[in-house]
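In case you want the letters, here they are:
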Amino acid sequence: GWNILGNLTTVDGTNFIGTKDNVPFNVRVNDQKAGRIDNVKYNAFWGHQAGNATTTLTTGTRNVAIGSQALYANTSGEMNTATGQASLYTNTTGSFNTATGTYSLLNNTANNNTAHGFATLSQNSSGVDNTANGYGALNNNTTGSNNSSLGSEALISNTTGSNNNALG
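These numbers were taken from a predicted model, which means no experiment stands behind them. (Residues numbered from 1 in each chain as written. Predicted model: local features only at pLDDT ≥ 70, side-chain atom pairs only at ≥ 80, totals over all residues. Heavy atoms only, no water.)

*Asks:* Please explain the overall build of the protein as it appears in this structure.
*Replies:* Along the protein, the regular secondary structure elements total 0 helices and 10 strands. Sequence-ordered secondary structure for the protein, helices as α and strands as β, is β-β-β-β-β-β-β-β-β-β. In terms of overall dimensions, the protein has a C-alpha envelope of 60 × 30 × 30 Å along the principal axes. Within the protein, buried positions represent 37% of all 168 residues. Sequence-distant contacts, at least 24 apart, represent 0% of the contacts inside the protein between residues at least 6 apart. Counting every atom, the protein has about 8700 Å² of accessible surface; 54% of that belongs to carbon and sulfur. (Helix = DSSP H or I, 4+ residues; strand = E, 2+ residues; numbered from the N terminus. Buried < 20%, exposed > 50% of the residue type's maximum accessible area, 1.4 Å probe, protein only. Contact = heavy atoms within 4.5 Å. Areas by Shrake-Rupley, 256 points an atom, 1.4 Å probe, with all protein chains shown as cover.)

This is the structure:
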């Protein structure tokens, strides 16, 4: 067994913590989800309640979530990447999204969005094919689609407009 104060004489490639059967590896803190490596659905989650709604009964596959409550509500969304606290938090069915930064794509349930930076596209609910880079960029967008913003708070006031570009 593994000792809680560490182990001696371990051998790289021989000793490990994990499973020897075709069952995902789970980590818990205070009996709450804190990590999962799923070799069946190809999901990987790390952080307190990351991927919280994803279970063996849900259909979401090929997702990665790193950070407290990242991809928290996801059940059937696929091929999402969420890095940062509460990134893609509300996403349940949206797929092919990338969120990097705390609260990025926080309320998203749509597809094909990319958000990089604190609170980028955080209010987006059903807008698709948006790209936001920079602190708060496209933060208030809810249903607008095909928007591109680059820079701190670029297109921050846009809520429903589509096909916009902003730089700076």
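*Asks:* Would you take a moment to explain the sheet that holds strand 9 (residues 148–150) for this structure?
*Replies:* In sheet architecture, strand pairing relies on hydrogen bonds along the backbone and comes in two forms, parallel and antiparallel. Strand order in the open sheet made by the 10 strands is 1-2-3-4-5-6-7-8-9-10, with mixed pairing throughout. On the outer flanks of this sheet lie strand 1 (25–29) and strand 10 (165–167), each paired with one strand and no other. Mean inter-strand twist for the sheet, computed between neighbouring axes without regard to direction, equals 10°. Bridge analysis of strand 9 against strand 10 gives 3 bridges, and the strand direction is parallel. What sits directly across from Ser149, in strand 10, is Ala166. (Pairing = 2+ DSSP bridges. Axes fitted to C-alpha atoms, helices over the stretch in contact; angles between N-to-C directions.)

*Asks:* Looking at this model, I keep getting lost on the side chain of Asn97. Mind explaining?
*Replies:* Along the polypeptide, Asn97 turns up in the loop between strand 5 (81–83) and strand 6 (98–100). With relative accessibility at 0%, the residue Asn97 sits in the buried group. Here Asn112 takes part through its backbone nitrogen, which lies 3.3 Å from a polar atom of the side chain of Asn97. Here Asn97 is in contact with Met79, Asn80, Thr81, Leu88, Asn91, Leu105, Asn108, Ala110, Asn111, Asn112 and Asn113, once residues within four sequence places are set aside. (Polar contact = N/O pair within 3.5 Å; in protein donor to acceptor, adjacent residues only side chain to side chain.)

*Asks:* Whenever I open this one, the nonpolar core confuses me. Can you help?
*Replies:* Nonpolar side chains in soluble globular proteins generally cluster together in the buried interior. In terms of nonpolar packing, the biggest core is built from 14 residues, with Ala65, Leu71, Leu88, Leu105 and Leu121 touching the most fellow members. Excluding residues that lie within four positions of it along the chain, Leu105 makes contacts with Leu88, Tyr89, Asn97, Thr98, Ala99, Asn113, Ala115, Thr120, Leu121, Ser122 and Asn124. (Core = buried A, V, L, I, M, F, W, Y, C linked by side-chain atoms within 4.5 Å.)

*Asks:* Mind showing me how you'd approach the packing of aromatic side chains here?
*Replies:* What characterises a pair of aromatic rings is the spacing of the ring centres plus the angle enclosed by the ring planes. Tallied over the entire structure, the rule returns 3 aromatic pairs. Centroid distance Tyr103 to Phe118: 5.7 Å. Interplanar angle 70°. Geometry classified as edge-to-face. Linking Tyr103 in the loop between strand 6 and strand 7 (114–116) with Phe118 in the loop between strand 7 and strand 8 (131–133), this pair joins segments that are 15 residues apart in sequence. Residue Tyr103 is classed as partly exposed on the basis of its relative accessible area of 32%. Residue Phe118 is classed as partly exposed on the basis of its relative accessible area, which comes to 37%. Summarising the aromatic geometry, the rings of Phe118 and Tyr135 are spaced 5.6 Å apart at their centres and angled 10° between planes, so their arrangement reads as stacked. (Phe/Tyr/Trp six-rings, centres within 6.5 Å; stacked < 30°, edge-to-face > 60°.)

It is worth stressing that arrangement in space is one thing and function is another; only the former is reported here.
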